[in-house]
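For reference, the chains in residue letters:
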Amino acid sequence: MFRYNKKYDCQNENSGNFYSCQWIQHGLVFFRYKIATCCYCGHSGGGHTLVKDDYSGQPINWEHIFKQKKTFNRLYKKGLINDNCVDCPFLTQKSNEEWESGEDYISNLYISHWVDCNSKCTYCFATQHPEEFQFKTKPYSVLPIIKEMLQKNILRRGGSIHFGGGEPALLPEFEDIIRLLLDYKFYDLRVHTSGIKYMPILERGIREGRLKVVVSVDAGSRETFKKIKQVDAYDIVRENIRKYAAAQVDRTHAITPKLYIIGTYCASSKYIVIPDVNDNLEEVENWIKADVEAGVHTTVIDLEENWFKAHEHDLPQSIFDFIYEIKKLSDKYGTYLEMYERLANMLKDNPERAPWYVPEKV
Ligand code: SF4
Ligand code: SF4
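Notes on the structure in this doc start here. (Residues numbered from 1 in each chain as written. Chains lettered and ligands numbered in written order. Predicted model: local features only at pLDDT ≥ 70, side-chain atom pairs only at ≥ 80, totals over all residues.)

Within the protein chain, the secondary structure is distributed over 14 helices and 16 strands. Relative to the globule expectation of 21 Å for 362 residues, the C-alpha radius of gyration of the protein chain, 21 Å, shows essentially globular dimensions. Overall size of the protein chain, expressed as C-alpha extent along the three principal axes, is 55 × 50 × 45 Å. Out of the 362 residues in the protein chain, the part that is buried amounts to 36%. Taking the contacts inside the protein chain whose residues are at least 6 apart along the sequence as the reference set, 75% of them involve residues at least 24 apart. (Helix = DSSP H or I, 4+ residues; strand = E, 2+ residues; numbered from the N terminus. Rg over C-alpha atoms; globule rule 2.2 N^0.38 Å. Buried ≥ 20, exposed ≤ 12 C-beta atoms within 10 Å, placed from the backbone. Contact = placed C-beta atoms within 7 Å.)

Once that is clear, we can look at the nonpolar core. Generally speaking, nonpolar side chains in soluble globular proteins are found buried as a group. Ranked by size, the top nonpolar core spans 80 residues in total, and within it Ile 206, Val 213, Tyr 244 and Ala 267 carry the most contacts. Ignoring sequence-local partners within four residues, the contact set of Ala 267 consists of Ile 206, Val 213, Ile 241, Tyr 244, Ala 245, Gln 248 and Val 296. (Core = buried A, V, L, I, M, F, W, Y, C linked by C-beta atoms within 7 Å.)

Let us look at the site of ligand 2. Around ligand 2 sit Cys 117, Ser 119, Lys 120, Cys 121, Cys 124, Ala 126, Thr 127, Gly 166, Glu 167, Ser 194 and Ser 216, and those are all the residues in its vicinity. Here the residues of the shell around ligand 2 are counted per class, giving four nonpolar, five polar and two charged. (Near = placed C-beta within 6 Å. Nonpolar A, V, L, I, M, F, W, Y, C, P; charged D, E, K, R; others polar.)

Take the sheet that holds strand S15 (residues 298–303) next. Across the sheet, which stays open at both edges, the ten strands sit in the order S5-S4-S3-S8-S9-S10-S11-S14-S15-S16 with mixed pairing between neighbours. Each edge of the open sheet is held by one strand with a lone partner, namely strand S5 (50–52) and strand S16 (336–339). Both strand S4 (residues 35–36) and S5 contribute to a ladder of two bridges, which runs antiparallel. Directly across from Ala 36, in S5, lies its bridge partner Leu 50. (Pairing = 2+ DSSP bridges.)

Quick look at the site of ligand 1 now. Neighbouring residues of ligand 1: 13 residues in total, closest Cys 21, Cys 38, Gly 47, Cys 85 and Cys 88. For the shell around ligand 1, the per-class residue count stands at nine nonpolar, four polar and no charged.

All right, on to the packing of helix H7 (residues 174–183) against helix H8 (residues 201–208) then. The N-to-C vectors of H7 and H8 enclose an angle of 25°; their axes lie 9 Å apart at closest approach. What the angle tells us is that H7 and H8 run roughly parallel. Between H7 and H8 the crossing geometry is left-handed. When H7 is examined against H8, the residues Glu 175, Ile 178, Arg 179 and Leu 182 are found in contact with a partner set consisting of Ile 201, Arg 204, Gly 205 and Glu 208. (Axes fitted to C-alpha atoms, helices over the stretch in contact; angles between N-to-C directions. Parallel < 35°, antiparallel > 145°, perpendicular 65-115°, else oblique. Left-handed = near helix turned anticlockwise from the far one by under 90°.)

Looking now at the environment of Cys 38. By the secondary structure assignment, Cys 38 is in the loop between S4 and S5. With 13 residues separating them in the primary sequence, Cys 38 and Val 51 have C-alpha atoms 9.4 Å apart. Setting aside chain neighbours within four positions, we find Cys 38 in contact with Trp 23, Gly 27, Val 29, Gly 47, His 48 and Thr 49.

For the rest of this paragraph, the subject is helix H9 (residues 222–229). Taken as a whole, H9 has its buried residues at Thr 224, Phe 225, Ile 228 and Lys 229. Along the axis of H9, the buried residues cluster in a sector spanning 115°; they form a single face. Buried residues belonging to H9 abut helix H10 (234–246) and helix H11 (281–294). (Arc of directions from axis to C-beta.)

Any functional reading would require information that these geometric values do not contain.
The structure is reproduced here in structure tokens:
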């Protein structure tokens, strides 16, 4: 529902500005049963702003999609904001000209429509709600939709194409999708993986500086890994991280005249901090050390969602302090520290509790 929200009403300023985001303008997300505008959900509005419910791969009425986007613009100019977007950090104020290019296209794509995985992370929605996933439906095919978007020049370079969902290595069309996107010279491709099954196609994207792979590890030891992932695959995951890291090229890739990608930041592993399970500095240091030894130069962290939701109105100072300690370890080992949305929002919203934090520009 769209409701008037004074905070987002720029009409009195006579600046011609209005609030919007890249996803409202040019974004699309494929989820299991629906299409959404974005994949963000770490703010109070809840995100995942709906485009079409009950979706399972039917032909898309593009005219309708772009009409919807224009409706968002019309309403947002009046300060009428979709409930799901309220308090989203990506909602920013810009001029008419900056937001409305006059062309209808998609440049931000998030593909997250399947749940099969070879890991069983204790915090995963699929692990926590097995009843919902016991009769898994075969994921619909996204490849023909992407091909159609490319043929019609609807999908264009300039944004990001990320994979979430279950494990990409188990998605039959994954390799074909990545190959197609790389052939069309797309960049800012990001693939989240359990790292249990190696995917050779990712090497090409890493080598070209067009693709980042993020392996979910959450541990600095085999024991903790097994406790969280409920599979005994620590050694194989570490070996696969090493192989992805070895595909990195130690140079700056000039992707466009304005965009340069550091080749050695294309392979990374991720650590979701789960209080009382892996919030142990020795564990974190061992994880970073193993990454650095493997040739990984990025430290990616986030906070476990269920814990965060249960504590978001009463966050203990200890969690802010722990994240600061991780930052110091990242500095010590010379890695680039990347915080995912939930954690970044928490620090941004509580500057007095994390004075060391400098938010990245959206
Ligand atoms: S929730 Fe945020 S990112 Fe998603 S469409 Fe709304 S403003 Fe954009
Ligand atoms: S790797 Fe991702 S999809 Fe697989 S169980 Fe863990 S959180 Fe779920």
